Protein chains: 2
Amino acid sequence: MRTSHLLEQLMEALRCLPGVGPKSAQRMAFSLLQRNRQGGLQLADALSKAMTEIGHCRDCRTFTEEEVCAICSNPRRQESGEICVVETPADIVAVEATGQFSGRYFVLMGHLSPLDGIGPSDIGLDTLEFRLQNEQISELILATNPTVEGEATAHYIAELCSEYSIPASRIAHGVPVGGELELVDGTTLSHSLAGRQKLY
Amino acid sequence: MRTSHLLEQLMEALRCLPGVGPKSAQRMAFSLLQRNRQGGLQLADALSKAMTEIGHCRDCRTFTEEEVCAICSNPRRQESGEICVVETPADIVAVEATGQFSGRYFVLMGHLSPLDGIGPSDIGLDTLEFRLQNEQISELILATNPTVEGEATAHYIAELCSEYSIPASRIAHGVPVGGELELVDGTTLSHSLAGRQKLY
Ligand SMILES: [Zn+2]
Ligand SMILES: [Zn+2]
């Protein structure tokens, strides 16, 4: 027998968070109710604002509530003409943390996966092609995950670059094969960026 | 450089949850934005309702949005006349899961801790004393945690019971000493309830 319907709803709702099972959800709910209701209310507010107001950057597709994100609209970021292509916004955080890259990004929000029906336009390659046509791009650095799908996606984009005669490179395989980019340590990722191989 | 102020606020706010560090907060925020905005909005709603509407049961002090919780107001729960005293609402969940107890509860929301300035009225012992005076209670089962503070609290309440000639018992030390009641497995907790020792 439960003593609170709202408490049950809260425990159920907390399980939408990755890695949170029934036991953690219970600990979280009781902890907030007992020790930090103010924090719980701030979290409610931050969640509802983020879920409704955050969209995607017009240029790079990363998460932002602006039309164009702070990286894309920074003139110093535009100077180098380099664009680093990653699978997720979390990968931007990982690349930024290396301090080795001062260009702009393009976020695929996934990778090509024909078996799942995910084709070029689903990962924004029409937007990317538009940029290849219309911007002064010195190099496209392909930093998709070192997985089968990530490699295939990188090679697909490299072919697109060759059509527009824009140099494309792949980050070095210093990163562990089969892993996820955002979990790689900064040193490995730095080496990986420095040792990138020219594809075209 | 970050691309979204609201995203930063969300990652910061998620850290009010126990066990959530910067890396988990980032994974949670990106996961909701990318795959489950509806779930994020439901969580925001559940949080704000729970934080503002859930109070404490007038009789047992557990979390509930009603004046008196579903356990306390259940006539069949009142029949046995037994009251199980626990430290937290999570302990009610643990005791209920054993299926060995069909009485009512009293939740201290902590334990006596004179060094931290937590005295009898801070853990609701004035409310409990009022119940000892005014209700037909057959037995008070003291299921505080098997820690130094939990033991001291149990003995303090046992003395209170002796003043009103109400039988008090302590759950058996089948539960690991130094641990927390809510983490004990159901079988151990069942044995512990069955082997309770009479204190008065
Ligand atoms: Zn952008
Ligand atoms: Zn109650």
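Residues numbered from 1 in each chain as written. Chains lettered and ligands numbered in written order. Predicted model: local features only at pLDDT ≥ 70, side-chain atom pairs only at ≥ 80, totals over all residues. Heavy atoms only, no water.

What counts, and what does not: UniProt positions are given in the numbering used here, feature names are shortened, and annotations may be inferred rather than shown by experiment.
Chain A carries the name Recombination protein RecR in an unreviewed UniProt entry, which gives Photobacterium rosenbergii as its organism. Per UniProt, chain A carries the Function (unreviewed entry) text "May play a role in DNA repair. It seems to be involved in an RecBC-independent recombinational process of DNA repair. It may act with RecF and RecO." Taken verbatim from the UniProt record of chain A, the Sequence similarities (unreviewed entry) comment is "Belongs to the RecR family."

Points about the environment of Ala-46 of chain B
Where we set the bar: Going along the chain from the N terminus, every DSSP run of H or I of four or more residues is numbered as a helix, and every run of E of two or more is numbered as a strand. Three labels apply to residues, based on accessible area from a 1.4 Å probe with only protein chains included: buried if under 20% of the type maximum, exposed if over 50%, partly exposed otherwise in between. The contact criterion used is simple: two residues touch if any of their non-hydrogen atoms lie within 4.5 Å.
For Ala-46 of chain B, the location among the structural elements is in helix H3 (residues 37–53). You can call Ala-46 of chain B buried: its relative accessible area is 8%. Once you skip the residues sitting within four places of it in the chain, Ala-46 of chain B turns out to touch Gln-9, Leu-10 and Ala-13 of chain A.

Describing the interface of chain B and chain A
Heads up, the condition is: We define a salt bridge as a contact between a side-chain nitrogen of Lys or Arg and a carboxyl oxygen of Asp or Glu at a distance within 4 Å. The definition of a polar contact used here is a pair of N or O atoms within 3.5 Å, where within protein one atom must be able to donate a hydrogen and the other to accept one, and adjacent residues in sequence count solely through side-chain atom pairs. Under the convention adopted here, Pro, Cys and the residues Ala, Val, Leu, Ile, Met, Phe, Trp and Tyr are nonpolar, Asp, Glu, Lys and Arg are charged, and Gly plus all remaining residues are polar.
Counting residues at the interface gives 60 residues for chain B and 60 residues for chain A. At the boundary of chain B with chain A, the tally comes to zero salt bridges. At the junction of chain B with chain A, the criterion picks out 14 residue pairs in polar contact (both at pLDDT 80 or more). A class-by-class count of the residues in the side of chain B that touches chain A yields 31 nonpolar, 18 polar and eleven charged.

Observations concerning the relation of the copies chain B and chain A
Defined as follows: When the copies are superposed, the least-squares fit draws on C-alpha atoms of residues that have pLDDT of at least 70 in both.
Structural alignment of chain B on chain A gives an RMSD of 0.0 Å, achieved by rotating through 180 degrees and translating 0.0 Å along the axis. Both copies are brought into coincidence by an operation consistent with a two-fold rotation axis. Residue Ala-44 of chain B of chain B places its C-alpha closer to the rotation axis than any other residue of that unit, at 2.0 Å. Same-surface contact between copies: 100% of interface residues of chain B are shared with the interface of chain A.

A short note on the coordination of the zinc ion (ligand 2)
Residue and element names in this part refer to chain B. Our working definition: Excluding water, the donors of a metal are its N, O and S neighbours within 2.8 Å, or within 3.2 Å for Na, K and Ca, and that exclusion means sites may look incomplete. Angular criteria define each label, namely tetrahedral for four donors with all angles between 85 and 135 degrees, square planar for four and octahedral for six donors with opposite donors over 155 degrees apart and remaining angles between 65 and 115, and irregular for whatever fails these tests.
Here the zinc ion (ligand 2) is held by Cys-57 (SG), Cys-60 (SG), Cys-69 (SG) and Cys-72 (SG), and the distances to it run 2.3 Å. Here the zinc ion (ligand 2) binds four donor atoms, and the angle range of 104 to 118 degrees at the metal identifies the geometry as tetrahedral. Written as a sequence motif, the donor residues of the zinc ion (ligand 2) are C-x2-C-x8-C-x2-C. You can see Cys-57 sitting in the loop between strand E1 (55–56) and strand E2 (63–64) and its partner Cys-72 sitting in the loop between E2 and helix H4 (75–79), a full 15 residues away along the chain. For Cys-72, a relative accessible area of 3% corresponds to the buried category.

Let's talk about the nonpolar core
Inclusion rule: Residue types Ala, Val, Leu, Ile, Met, Phe, Trp, Tyr and Cys, when buried and joined through side-chain atoms within 4.5 Å, form a set referred to as a nonpolar core.
In this structure, Leu-17 of chain A together with Leu-17 of chain B are the most contacted members of the largest nonpolar core, which totals 92 residues. Setting aside residues up to four positions removed in sequence, Leu-17 of chain B forms contacts with Leu-14, Leu-17, Met-28, Leu-32 and Leu-43 of chain A.

Details of the coordination of the zinc ion (ligand 1)
Residues and elements named next belong to chain A. Here the zinc ion (ligand 1) is held by Cys-57 (SG), Cys-60 (SG), Cys-69 (SG) and Cys-72 (SG), and the distances to it run 2.3 Å. Here the donor residues of the zinc ion (ligand 1) share one chain and are spaced in sequence as C-x2-C-x8-C-x2-C. In this structure, Cys-69 and Cys-72 share a single accessibility class: buried.

Some thoughts on the UniProt feature "zinc finger region: C4-type" (unreviewed entry) in chain A
The residues that UniProt annotates with the feature "zinc finger region: C4-type" (unreviewed entry) are residues 57–72 of chain A. Across residues 57–72 of chain A one finds 0% helix and 12% strand; the C-alpha atoms that close the span lie 8 Å apart.

Concerning the pattern of salt bridges
Per the counting criterion, the structure on display carries 14 salt bridges over all chains. In this structure, Arg-170 of chain A engages Glu-151 of chain A in a salt bridge whose closest nitrogen and oxygen atoms are separated by 3.2 Å. On the criterion of sequence distance, the pair formed by Arg-170 of chain A in strand E6 (residues 168–170) and Glu-151 of chain A in helix H7 (residues 148–163) is long-range, its members being 19 residues apart. Glu-151 of chain A matches Arg-170 of chain A in its accessibility class, with the two residues each being buried. One salt bridge in this structure joins Glu-135 of chain B and Arg-104 of chain B, with 3.2 Å as the shortest N-O distance. Of the two residues, Glu-135 of chain B is situated in the loop between helix H6 (125–134) and strand E5 (139–142) and Arg-104 of chain B in strand E4 (residues 104–107); the sequence distance between them amounts to 31 residues. Because the salt bridges share partners, they merge into one network encompassing Arg-58, Asp-59 and Glu-67 of chain A.

Side note on helix H2 (residues 22–35) of chain B
Given 3.6 residues per helical turn, the α-helix brings residues three or four places apart onto the same face. Under the convention used in this document: What a helix should span is 1.5 Å times the count of its residues minus one.
With 14 residues, H2 of chain B extends 20 Å between its outermost C-alpha atoms, agreeing within 8% with the 20 Å of an ideal straight helix rising 1.5 Å per residue. Taken residue by residue, H2 of chain B has Ala-25, Gln-26, Met-28, Ala-29, Phe-30, Ser-31, Leu-32 and Leu-33 of chain B as its buried positions.

Digging into the domain arrangement of chain A
Rules: In this entry, domain limits derive from an automatic or database-based domain assignment.
Here chain A is partitioned into domain 1 (5–52) and domain 2 (79–170). One C-alpha centre belongs to domain 1 of chain A, the other to domain 2 of chain A; they are set 36 Å apart.

As for the sheet that holds strand E6 (residues 168–170) of chain B
Residue and element names in this part refer to chain B. Where we set the bar: Strand pairing is assigned whenever DSSP detects at least two bridges linking the two strands. Axes here mean lines fitted to C-alpha atoms, for a helix over just the part in contact, with angles spanning 0 to 180 degrees between N-to-C directions.
Taken together, five strands build an open sheet; the order of strands is E4-E3-E5-E6-E7 and the sheet is mixed. Of all the strands in the sheet, the pair left with one neighbour each is E4 and strand E7 (197–198). Contacts from helix H5 (residues 89–98) reach strand E3 (82–86) and E4 within the one sheet, and its direction differs from that of E4 by about 155 degrees.

Some thoughts on the sheet that holds E6 of chain A
Residues and elements named next belong to chain A. One open sheet accounts for five strands, arranged E4-E3-E5-E6-E7; its pairing is mixed. Each end of this open sheet is capped by a strand with a single partner; those strands are strand E4 (104–107) and strand E7 (197–198). With three bridges connecting them, strand E5 (residues 139–142) and E6 associate as parallel partners. In the strand pairing of E6, Leu-142 is matched with Arg-170. The strands touched by helix H5 (residues 89–98) within the sheet are strand E3 (82–86) and E4, with E4 carrying the most contacts at an inclination of about 155 degrees.

Topic: the packing of aromatic side chains
For clarity, the threshold we go by: Aromatic rings from Phe, Tyr and Trp, with only the six-membered ring used for Trp, were paired whenever their centres fell within 6.5 Å, and each pair was classed as stacked if the ring planes differed by under 30 degrees, edge-to-face if by over 60, and tilted otherwise.
Enumeration according to the criterion identifies four aromatic pairs over all chains in this entry. Aromatic side chains Phe-30 of chain A and Phe-63 of chain B sit 5.9 Å apart centroid to centroid with 20 degrees between the ring planes, which places their arrangement in the stacked category. With Phe-30 of chain A in helix H2 (residues 22–35) and Phe-63 of chain B in strand E2, the pair connects residues from two separate chains. The burial state of Phe-30 of chain A is the same as that of Phe-63 of chain B; both residues are buried.

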